[in-house]
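Below, each chain spelled out in residue letters.
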Amino acid sequence: MPHRTATALAALVNSCLLPAYAGRTPADWILRAADEGLAGVALFGTNLLDARGPLREDITDRLRAVRPDLLIALDEEGGDVTRLDYLTGSAYPGNHALGTVDDPELTTLVAAAIAADLAAAGVNLCLAPCADVNSRPDNPIIGVRSFGAEPALVARHTAAFVAGLQRHGIAATLKHFPGHGDTRTDSHTALPDVDRDRDQLAALDLPPFAAGIAAGAKLVMTGHIRLPRIDQLPATFSHSVLTGLLREELGFDGVIVTDALDMAPIVDRWGFGGAAAAALAAGADLVLLGSPDAEKLLPEIHHEVELALREGRLTEQRLAEAAARVAALRVWARPAATPPRPDPAVGLAAARRALTAYGLTPPGAPRTVHTVRLGATANLAVGEAPWGPAGPLAALGALAGSTEVEPGTDPAEIPLPGGPLVVAVRDAHRDPWQRDTLRALRARRPDLVTVEFGLAAQDPAPDGPTLLTRGAGLANATAAAEYLSGRSWQGPLRSGRA
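Source: prediction; values computed, not measured.

## Let's talk about the packing of helix 1 (residues 6-14) against helix 13 (residues 316-332)
Okay, so step 1: Direction vectors running N to C along helix 1 and helix 13 enclose 50°, while the axes themselves pass 9 Å from each other. Between helix 1 and helix 13, the interaxial angle falls into the category oblique. Of the two possible hands of crossing, helix 1 and helix 13 adopt the one that is left-handed. For the pair helix 1 and helix 13, the contacting residues are Leu9, Leu12 and Val13 in the first and Glu316, Leu319, Ala320 and Ala323 in the second.
Okay, so step 2: Looking at the contact of helix 1 with helix 13 residue by residue, the class counts come to six nonpolar, no polar and one charged.

And the structure:
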């Protein structure tokens, strides 16, 4: 292959990069980079906090005025992980709720509605679904983002979600290959080890990815995890995992995209440039840089990729192969002129079906409820999207009062009024303070209703009346509020969009 000019090589590197920028309105540098061949732009919650106007008007139309075929990506899983509804909570339940219902047709309908919302916003790449099998209940980063703990269940819903997204021209991304469900470490902060060999992976973790690939998923995202029985490098940098396992064994010929390189175990050791070069050499095609403003990162990445080329750690042929796959994806994902109309009712309908109640029934007549929400720290994938029953209860005219409790508070200091009382928790099975506090509050008010907005470690007969929402999105919270108050929601869920 003839050597390219410096300008041509820079354009080739750009065509494999998916950076972010700071603020709401696209910065001048990102517009210039898009004009110079950038593959696309990833939007994060930090881009969506200052909602002056519609996302399409503020962001995506400005980007597409420079490059109509630009990839514009969002983490839009539904449920706990949302960017479109970051200010209000998702109008759709997430994977755990959909897996609980176990109706693949419903999963396809929810994914199609998410796709319609993304298309209307000018987004054409969804960094979902999460295809991880949540085989470890205390997993700190997957949890309700997974369809469940059974490979076959996760596989059928992964395929259904892919079908719903891509029905409306939104490229689907299977993540986090080869499976993040058996980790006890959050890969945003440390590198998890997964003690699986190839046979165990094939039996437990790979079926959902195989099903998603068979359904036509356009992308697979790497996981920042290490499988020491296969390779000492993280999967994102492992030729054995990306080229051997994903390409050769599973037959995937679409775009391999990295998870965000700004995660601590990656950037702290390899840096952005070194990580980008290593991922491309291992077989990745598209490099997701993460949420930091990338203006000062691009020169570092170009330098390290060019250095890897000179030293023989990366070839122009591998880089050209990656760029060609991304170019084909841009052609497939070119936005339609007329976006489809979303189904405004499917999210709440699905969330209602996912509710599981123990030891209680809906009230016979409308009533007001006091809520106590025990503080819980969300992981970095979720961010700070609102959660809990107080907002939906207030919107239904059914909130008698609410108390927000900071983590670590002495349970004896928490006031408990009379009347119907709800205590909201989130992943209490992983948080000793929440469990101890809930136990102390129930000793004072045996009739209180626990509402678990996270993952229930199992479905026991809990100690006292309990409602499981199977997620913390606005749809989940609204379904719970209806159940607790005896009132029905009317109209669309959204009060505002990012």
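## A short note on the environment of glutamine 490
Okay, so step 1: Looking at where glutamine 490 falls in the secondary structure, it is placed in the segment after helix 17 (474-485).
Okay, so step 2: Assessed through its relative accessible area of 65%, glutamine 490 is described here as exposed.
Okay, so step 3: Put simply, glutamine 490 and leucine 396 are 94 residues apart on the chain and 8.9 Å apart in space, counted from C-alpha to C-alpha.

## Let's talk about helix 2 (residues 28-35)
Okay, so step 1: All of the buried residues in helix 2 are Trp29, Ile30, Ala33 and Ala34. Along the axis of helix 2, the buried residues cluster in a sector spanning 140°; they form a single face. More than 90 degrees from the buried face of helix 2, the exposed residues found are Asp28 and Asp35.
Okay, so step 2: In this structure, the buried residues of helix 2 make contact with helix 1, strand 1 (17-20), strand 2 (40-43), helix 4 (55-64), strand 8 (287-293) and helix 12 (297-311).

## Considerations on the sheet that holds strand 11 (residues 399-405)
Okay, so step 1: Spatially, six strands are ordered 9-14-13-12-10-11 in an open sheet, and the strand pairing comes out mixed. Edge strands, defined here as strands with exactly one partner in the open sheet, are strand 9 (356-358) and strand 11. Strand after strand, the sheet turns through a mean of 20° between neighbouring axes, direction not considered.
Okay, so step 2: Pairing between strand 12 (residues 421-425) and strand 13 (residues 449-452): four bridges, direction parallel.

## Brief notes about the packing of helix 6 (residues 104-120) against helix 14 (residues 346-354)
Okay, so step 1: Two elements in contact, helix 6 and helix 14, have axes whose closest approach is 9 Å; the angle formed by their N-to-C orientations is 145°. The chirality of how helix 6 crosses helix 14 is left-handed. Of the residues in helix 14, those touching helix 6 at Leu106, Leu109, Val110 and Ala113 are Val346, Ala350 and Arg353.
Okay, so step 2: Classifying every residue of the contact of helix 6 with helix 14 by side-chain character gives six nonpolar, no polar and one charged.

## Considering the packing of aromatic side chains
Okay, so step 1: On inspection of all chains with the given rule, the structure shows four aromatic pairs.
Okay, so step 2: With a centroid separation of 5.6 Å and an interplanar angle of 65°, the aromatic rings of tryptophan 387 and phenylalanine 453 are classed as edge-to-face. Within this pair, whereas tryptophan 387 is found in the loop between strand 10 (369-374) and helix 15 (390-395), its partner phenylalanine 453 is found in the loop between strand 13 and strand 14 (466-468), the two being separated by 66 residues in sequence.
Okay, so step 3: Take tryptophan 387: its relative accessible area is 12%, and that puts it in the buried class.

## A short note on the pairing of strand 3 (residues 71-74)
Okay, so step 1: Judged by which residues are buried, strand 3 turns out to be covered on both faces: Leu71 and Ala73 on one side and Ile72 and Leu74 on the other are all buried.
Okay, so step 2: In terms of strand pairing, strand 2 meets strand 3 through four bridges, oriented parallel. Counterpart to valine 41 in the pairing with strand 3 is isoleucine 72.
Okay, so step 3: In this structure, strand 3 lies alongside strand 4 (residues 125-126), joined through two bridges in parallel fashion. Paired with leucine 74 across the two strands is cysteine 126, which belongs to strand 4.

The rules behind the values
- Residues numbered from 1 in each chain as written.
- Predicted model: local features only at pLDDT ≥ 70, side-chain atom pairs only at ≥ 80, totals over all residues.
- Heavy atoms only, no water.
- Axes fitted to C-alpha atoms, helices over the stretch in contact; angles between N-to-C directions.
- Helix = DSSP H or I, 4+ residues; strand = E, 2+ residues; numbered from the N terminus.
- Parallel < 35°, antiparallel > 145°, perpendicular 65-115°, else oblique.
- Left-handed = near helix turned anticlockwise from the far one by under 90°.
- Contact = heavy atoms within 4.5 Å.
- Nonpolar A, V, L, I, M, F, W, Y, C, P; charged D, E, K, R; others polar.
- Buried < 20%, exposed > 50% of the residue type's maximum accessible area, 1.4 Å probe, protein only.
- Arc of directions from axis to C-beta.
- Pairing = 2+ DSSP bridges.
- Phe/Tyr/Trp six-rings, centres within 6.5 Å; stacked < 30°, edge-to-face > 60°.

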